[in-house]
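Structural features, examined
So you can see what is in the structure, the chains are spelled out below.
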Amino acid sequence: MNSTLQIIFGLFGGLAIFIFGMNMMSDCLQKTAGEKMKSILAVLTKNRILGVFAGALVTAVLQSSSATTVMTIGFVSAGLMTLPQAIPIILGANIGTTMTAQIIAFKITDYIYVFVFAGFIIAFLTKNEKIRNIGQTIFAFGLLFLGIETMGDVMKALASSPVFTDLIGQVANIPILGVAVGTLMTLVVQSSSATIAVLQNFASQAGPDGVTSILGLAGAIPILLGDNIGTTITALLVSIGQSRDAKRTAVAHTVFNVSGAVIFIWFVKPFAKLIQYISPKGAEVDVISRQIANAHTIFNITMTVVWVCLLGLLVKIVMKIVPEGKEGEIDLSTPVYLDKNVIHQPAAALRLVAQEVLRCSDMVKTMLRDVTGMIRDDDTHVLKNVRKYGTAVRVVDGEINDYIAELFSSGSLTEQQATQTARLLCVLSDITRMGNLAADMADSIEEKAEKKYTFSEEAHREINDGMEQIAGMYEDSIAAMIRGEFGSLANILRDNEDILNLDVDMRQSHMQRVQDGRCKKELTAPFTQILNCIDRMGNNCVNLAEGAMDQMSFGYFIGEAKE
């Protein structure tokens, strides 16, 4: 094969192995630690310092600033996190992502295949899911360095090319050109970690003298700044079609990196001297990888300190760039929380699913109250509202099921997550049936009103008592699953027995009233339909209660349940 083609395929092949290893490691780490990372994001956002710490920690563990950024934008879009809470997390993510460069700076060439073999053996031999994920993480870690080693081998030939060294010399001497190159590289690869790894590897190649770097730290820093700018494009793309605050969160990420590049571009040489002073000493080709990693870390820490102190100003800037607009009418049938951008981050995706299910439960709660009011007051004015909510619940139910199907097909769910998600689907099914039954009951009441039939006062009272009992059972079941308190669920099972007894008593009472002439026989059909709905609602409430007793807790997804 032509030597030029060997260099090209070697470079891109090594980059492919690196990116595959990085993505695999990130996915396995999310499966292993995703639940804890979600809890950290939920807890450590009470002030800006904790928010920075949360963003840095989550990104360092997941090895992906994009994952943290996309997760945060999704939470903001869903209204689970405010803009001032989200921005410190984004700032922290920029610090956390520097851990990748620091890891790459370690020279573990002799141990690459040890990691690959050990990770493969652990993942291949164990049946325990957590241990298998750990094995795959180790395997992916080895692949990551294998990719770097492959790129390094072909770069040695590239570094000896006079044409290429002249081109690199121009980039090294014109900082703004270096920024443009770094930005373009990250735009193409869509991973700042990958492009910084390429930068570290290439800078470690010796120039014509065999001692100094072909690029030099002063030439590498502008490219590093460009890499940081390029990675903001991912966040901006994710924010398209999201809420206004989600767009602002992505813009804050961009402002952070662009402002840092604009400031540091004027001080490249002094900054390079500072990094060389605080970094390990030795031949430049041996230490420049660590110097680039340190420059990346110092840059992000410095800009984070600046913007944390000026957080109010940053919020004002992004609100100026993305101003307030006119809010349209809210469409109940449109999911509020579901975000397909976080499909491959199951802990975050399932939190959004749980919030959407709870929104459905709130709509059904409203329907039950409206229907009870229709029965009590013999008023059909809220019928339109009940039907609107009923349609919305059915549509959102379909959207949630499609979203969960996509989650399962992505293969990113752990066994525990899959089990809990199946339980959540059962809960959603009962909630949706409750909504359908409430809508059917409203139709029966409308039919009675259209024919100008009137229930007796006794019938009104019996139906009203039954509906109030159903509403109470429903709310208690959902509340138990939210709080993780299951002590009251036995009462729900007992209440259902009361509902069954009440159903029999109400049917007998109605027939007695018809026989006595106190109630029209034409009311038997709508009255029976209403009783059937109440009976079936009671069964659904029992299903919800039994689901709760089977340890189905919304706290598993949204972190609010008591352990």
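Everything below is about the structure printed above this text.
An account of the accompanying structure is given in this report. Please read these numbers as outputs of a predicted model, since none were measured by experiment.

Conventions and cut-offs
Residues numbered from 1 in each chain as written. Predicted model: local features only at pLDDT ≥ 70, side-chain atom pairs only at ≥ 80, totals over all residues. Heavy atoms only, no water. Helix = DSSP H or I, 4+ residues; strand = E, 2+ residues; numbered from the N terminus. Contact = heavy atoms within 4.5 Å. Areas by Shrake-Rupley, 256 points an atom, 1.4 Å probe, with all protein chains shown as cover. Axes fitted to C-alpha atoms, helices over the stretch in contact; angles between N-to-C directions. Parallel < 35°, antiparallel > 145°, perpendicular 65-115°, else oblique. Salt bridge = Lys/Arg side-chain N within 4 Å of Asp/Glu carboxyl O. Buried < 20%, exposed > 50% of the residue type's maximum accessible area, 1.4 Å probe, protein only. Phe/Tyr/Trp six-rings, centres within 6.5 Å; stacked < 30°, edge-to-face > 60°. Lys NZ or Arg CZ within 6 Å of the ring centre and 35° of its normal. Patch = residues over 30% accessible without salt bridge, like charges linked within 9 Å, V, L, I, M, F, W, Y side chains within 5 Å. Core = buried A, V, L, I, M, F, W, Y, C linked by side-chain atoms within 4.5 Å. Expected span 1.5 Å × (residues − 1). Arc of directions from axis to C-beta. Left-handed = near helix turned anticlockwise from the far one by under 90°.

1. Describing the overall build of the chain
The secondary structure content of the chain amounts to 23 helices and 0 strands. Contacts in the chain between residues far apart in sequence, at least 24 positions, make up 81% of those at least 6 positions apart. With an accessible surface of roughly 25000 Å², the chain has 60% of that area assigned to carbon and sulfur atoms.

2. Observations regarding the packing of helix H3 (residues 65-77) against helix H4 (residues 83-96)
Interhelical geometry of H3 versus H4 gives an angle of 175° and a closest axis separation of 9 Å. Considered as vectors, H3 and H4 are oriented roughly antiparallel to each other. Contact residues: Ser 65, Thr 68, Thr 69, Thr 72 and Val 76 in H3; Ala 86, Ile 89, Ile 90 and Ala 93 in H4.

3. Some details on the pattern of salt bridges
For the coordinates displayed, the defined rule picks out 7 salt bridges. Arg 359 serves as the salt-bridge partner of Glu 356, at 2.7 Å between the closest nitrogen and oxygen. Pair noted here: Glu 356 and Arg 359 are both in helix H17 (residues 346-377), with a separation of 3 residues, about one helical turn. Arg 359 matches Glu 356 in its accessibility class, with the two residues each being buried.

4. Some remarks on the packing of aromatic side chains
Following the criterion strictly, the structure yields 5 aromatic pairs and no others. Between Phe 264 and Phe 271, the ring centres sit 4.9 Å apart and the planes meet at 75°, which makes this aromatic pair edge-to-face. Under the relative-accessibility criterion, Phe 271 is labelled buried at 7%. Here the aromatic rings of Phe 264 and Phe 299 are separated by 5.0 Å at their centres, their planes lie at 75°, and the arrangement is edge-to-face. Pair noted here: Phe 264 is in helix H13 (residues 244-264) and Phe 299 is in helix H15 (residues 284-309), with a separation of 35 residues, a long-range link. By relative accessible area, which is 1% here, Phe 299 ends up buried. Among the aromatic side chains, those forming a connected cluster through ring pairs are Phe 115, Phe 141 and Phe 145. It is Lys 281 that lies over the ring of Tyr 277; its NZ or CZ is 5.8 Å from the centre. The lysine or arginine in question, Arg 290, covers the ring of Phe 106, its NZ or CZ lying 4.3 Å from the ring centre.

5. Focus on the side chain of Thr 421
Mapping Thr 421 onto the fold places it in helix H19 (residues 415-450). Leave out the neighbours within four places in its chain, and Thr 421 touches Leu 350, Ile 404, Phe 408 and Phe 557.

6. Details of the side chain of His 253
Among the structural elements, His 253 can be located in helix H13. Ignoring anything within four residues of it in the chain, the contact list for His 253 reads Thr 69, Ile 90, Asn 94, Thr 231, Thr 232 and Ala 235.

7. Structural notes on the environment of Tyr 113
Note that Tyr 113 resides in helix H6 (residues 112-125). Judged by relative accessible area, Tyr 113 falls into the exposed class, the value being 58%. Spatially, the C-alpha atoms of Tyr 113 and Leu 146 are 8.1 Å apart, while their sequence positions differ by 33 residues.

8. Regarding a nonpolar patch on the surface
Among the surface-exposed residues, Val 258, Val 262, Ile 263, Trp 266 and Phe 267 lie close enough to one another that they form a single nonpolar patch of about 530 Å² accessible area. Looking at the secondary structure, you find Val 262 in helix H13. Looking at Val 262, the relative accessible area reads 48%, which means it is partly exposed.

9. Regarding the nonpolar core
Core analysis: the biggest nonpolar cluster contains 79 residues, and Val 371, Ile 400, Ile 431, Met 441, Tyr 474, Met 537 and Phe 554 have the highest contact counts within it. Residues contacting Ile 431, with those up to four places away along its chain left out, are Val 357, Cys 360, Ser 361, Val 364, Tyr 474, Ile 478 and Leu 544. If you look at the next biggest cluster of nonpolar residues, it comprises 71 residues, including Ala 140, Met 155, Ile 214 and Val 255.

10. What about H6?
Its 14 residues give H6 an end-to-end C-alpha distance of 20 Å, which sits within 8% of 20 Å, the value for a rise of 1.5 Å per residue. All buried positions along H6 are accounted for by Ile 112, Val 116, Gly 119 and Ala 123. Burial along H6 is one-sided: seen end-on, the buried residues are contained in an arc of 75°. What points out from H6, more than 90 degrees from its buried face, is the exposed set Tyr 113, Val 114, Phe 117 and Leu 125.

11. Comments concerning the environment of Ser 243
Tracing the backbone through its elements, the reader meets Ser 243 in the loop between helix H12 (232-239) and H13. Distance from Ser 243 to Gly 74, taken between C-alpha atoms, is 9.3 Å for residues 169 residues apart in sequence.

12. A word on the packing of helix H14 (residues 268-278) against H15
Following both chains from N to C, one finds H14 and H15 inclined at 115°, their axes separated by 9 Å at the closest point. For the element pair H14 / H15, the angle class is roughly perpendicular. Crossing of H14 over H15 shows right-handed handedness. The segment H14 lies against H15, with Phe 271, Ile 275, Gln 276 and Ile 278 engaging Gln 291, Asn 294, Ala 295, Ile 298 and Phe 299.

The analysis is restricted to geometry; functional conclusions fall outside its scope.
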